[in-house]
Amino acid sequence: AQSVTQLGSHVSVSEGALVLLRCNYSSSVPPYLFWYVQYPNQGLQLLLKYTTGATLVKGINGFEAEFKKSETSFHLTKPSAHMSDAAEYFCAVRPGYNKLIFGAGTRLAVHP
Amino acid sequence: SAVISQKPSRDICQRGTSLTIQCQVDSQVTMMFWYRQQPGQSLTLIATANQGSEATYESGFVIDKFPISRPNLTFSTLTVSNMSPEDSSIYLCSVPSPGQGGKLFFGSGTQLSVL
């Protein structure tokens, strides 16, 4: 069965600092991997996804993630955090047609 | 992209009652998904609702507790029946983006509190 594990339920960074949110996956087949963001009182929206091809994926709002098969990881990064990045971030893997299995989520706090 | 309207946005209900959540999409979609997000936890898929057929429920979820209707290609409802405090969660409607390899659009959710 496919699954994802997000390391760290809460991450706090200073404005302008590097953001690193960790995600490891388990899959017996080549995975489709996703990062979603949930801003307060809003629905989830897609940040980026990996399906095939280039392992470094760029998404919206300056985020990117690198698929590393050897480490079974898909960590999300952003070089410089902004206050507006404060949100909850979910890593997800697709086990079947259009279904997604989500990680537990990481709440990102950005302080001045 | 798809625009999903979900209502109510939040509700506080008494134990033993039922609540029906509505999900309206601005385009026709074959599949609609209902997710639950319990406090401090991740999203869990409850069921997949296809127009013209019975919903498909994930392990741990049953039709008697979470009946789903899908009368047409733009609308679905999820009912949380005989509620208990353990049902306090955010319930989210979701639809896939055609041809985009698993991308989902989500409604803003229904925050349910059961007293």
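In what follows, the structure referred to is the one given above.
Read on for a plain summary of the structure.

Here is what the cut-offs are and how they apply
- Residues numbered from 1 in each chain as written.
- Chains lettered and ligands numbered in written order.
- Predicted model: local features only at pLDDT ≥ 70, side-chain atom pairs only at ≥ 80, totals over all residues.
- Heavy atoms only, no water.
- Helix = DSSP H or I, 4+ residues; strand = E, 2+ residues; numbered from the N terminus.
- Buried < 20%, exposed > 50% of the residue type's maximum accessible area, 1.4 Å probe, protein only.
- Contact = heavy atoms within 4.5 Å.
- Lys, Arg positive; Asp, Glu negative; His and termini not counted.
- Charge placed at Lys NZ, Arg CZ, Asp CG, Glu CD.
- Phe/Tyr/Trp six-rings, centres within 6.5 Å; stacked < 30°, edge-to-face > 60°.
- Pairing = 2+ DSSP bridges.
- Axes fitted to C-alpha atoms, helices over the stretch in contact; angles between N-to-C directions.
- Salt bridge = Lys/Arg side-chain N within 4 Å of Asp/Glu carboxyl O.
- Polar contact = N/O pair within 3.5 Å; in protein donor to acceptor, adjacent residues only side chain to side chain.
- Disulfide = S-S within 2.5 Å.

Observations concerning the overall build of chain A
Here is step 1: Each helix and strand in chain A was counted, giving zero helices and eleven strands.
Here is step 2: Reading the secondary structure of chain A in the N-to-C direction produces β-β-β-β-β-β-β-β-β-β-β.
Here is step 3: Each principal axis of the C-alpha atoms in chain A carries an extent, and together these give about 40 × 25 × 20 Å.
Here is step 4: In chain A, buried positions account for 45% of the 112 residues.
Here is step 5: The long-range share in chain A, meaning contacts at least 24 apart out of those at least 6 apart in sequence, stands at 55%.
Here is step 6: Of note, chain A has its 9 positive side-chain charges centred 10 Å away from the centre of its 6 negative side-chain charges.

Quick notes on the packing of aromatic side chains
Here is step 1: Taken as a whole, this structure holds 13 aromatic pairs over all chains when the rule is applied.
Here is step 2: Their ring planes at 65° and their centres at 5.6 Å tell us that B:Phe61 and B:Phe66 sit as a pair that is edge-to-face. With respect to class, B:Phe61 is no different from B:Phe66; both count as buried.
Here is step 3: Three or more aromatic residues link up through ring pairs in this structure, and these residues are A:Phe34, A:Tyr36, A:Phe90, A:Phe102, B:Tyr35 and B:Phe106.

Quick notes on the sheet that holds strand β3 (residues 19–25) of chain B
All names here are of chain B.
Here is step 1: The sheet built from four strands is open, its strands ordered β1-β3-β8-β7 with antiparallel pairing. The open sheet has two free edges, formed respectively by β1 (4–7) and β7 (68–72), since each of these has just one partner strand. For this sheet the average axis-to-axis angle between neighbouring strands, irrespective of direction, equals 15°.
Here is step 2: Bridge count for β7 against strand β8 (residues 75–80) is three bridges, and the pairing is antiparallel. Looking at the pairing, asparagine 72 lines up with phenylalanine 75 of β8.

A word on the environment of B:Cys23
Residue and element names in this part refer to chain B.
Here is step 1: Along the polypeptide, cysteine 23 turns up in strand β3.
Here is step 2: A relative accessible area of 0% means that cysteine 23 is categorised as buried.
Here is step 3: Sequence-distant contacts of cysteine 23, that is, excluding residues within four places in its chain, are made with Ile4, Ser5, Met32, Trp34, Thr74, Phe75, Ser76 and Cys93.

Quick look at unusual backbone geometry
All names here are of chain B.
Here is step 1: Residue proline 8 follows lysine 7 across a cis peptide bond; omega there is 0°.
Here is step 2: Topologically, proline 8 is positioned in the loop between β1 and β2 (10–13).
Here is step 3: The phi torsion at asparagine 82 lies on the positive side, around 45°, for a residue other than glycine.
Here is step 4: Within the secondary structure layout, asparagine 82 lies in the loop between β8 and β9 (89–96).
Here is step 5: With relative accessibility at 55%, the residue asparagine 82 sits in the exposed group.

As for the pairing of strand β8 (residues 73–78) of chain A
All names here are of chain A.
Here is step 1: A large share of β8 lies buried, amounting to five of its six residues.
Here is step 2: Bridge count between strand β7 (residues 64–68) and β8: five bridges; the pairing is antiparallel. Counted as the bridge partner of alanine 65 is leucine 76 from β8.
Here is step 3: The hairpin turn running from β7 into β8, its antiparallel successor, is four residues long, and threonine 72 in that turn takes a positive phi close to 45°.

Concerning the interface of chain A and chain B
Here is step 1: With 20 residues of chain A at the contact, the number on the chain B side is 21 residues.
Here is step 2: At the junction of chain A and chain B, the tally comes to zero salt bridges.
Here is step 3: Taken together, the connections running from chain A to chain B amount to five residue pairs in polar contact (both at pLDDT 80 or more).

A short note on the state of the cysteines
Residue and element names in this part refer to chain B.
Here is step 1: As enumerated under the stated definition, the model contains two disulfides over all chains in all.
Here is step 2: Note that cysteine 23 is cross-linked by a disulfide to cysteine 93, the S-S spacing being 1.9 Å. Between cysteine 23 and cysteine 93, the S-S torsion sits near -65°, and that sign places the bridge as left-handed. Of this pair, cysteine 23 sits in strand β3 while cysteine 93 is found in strand β9, placing the two residues 70 residues apart along the sequence. Here cysteine 23 and cysteine 93 have matching classes, each one buried.

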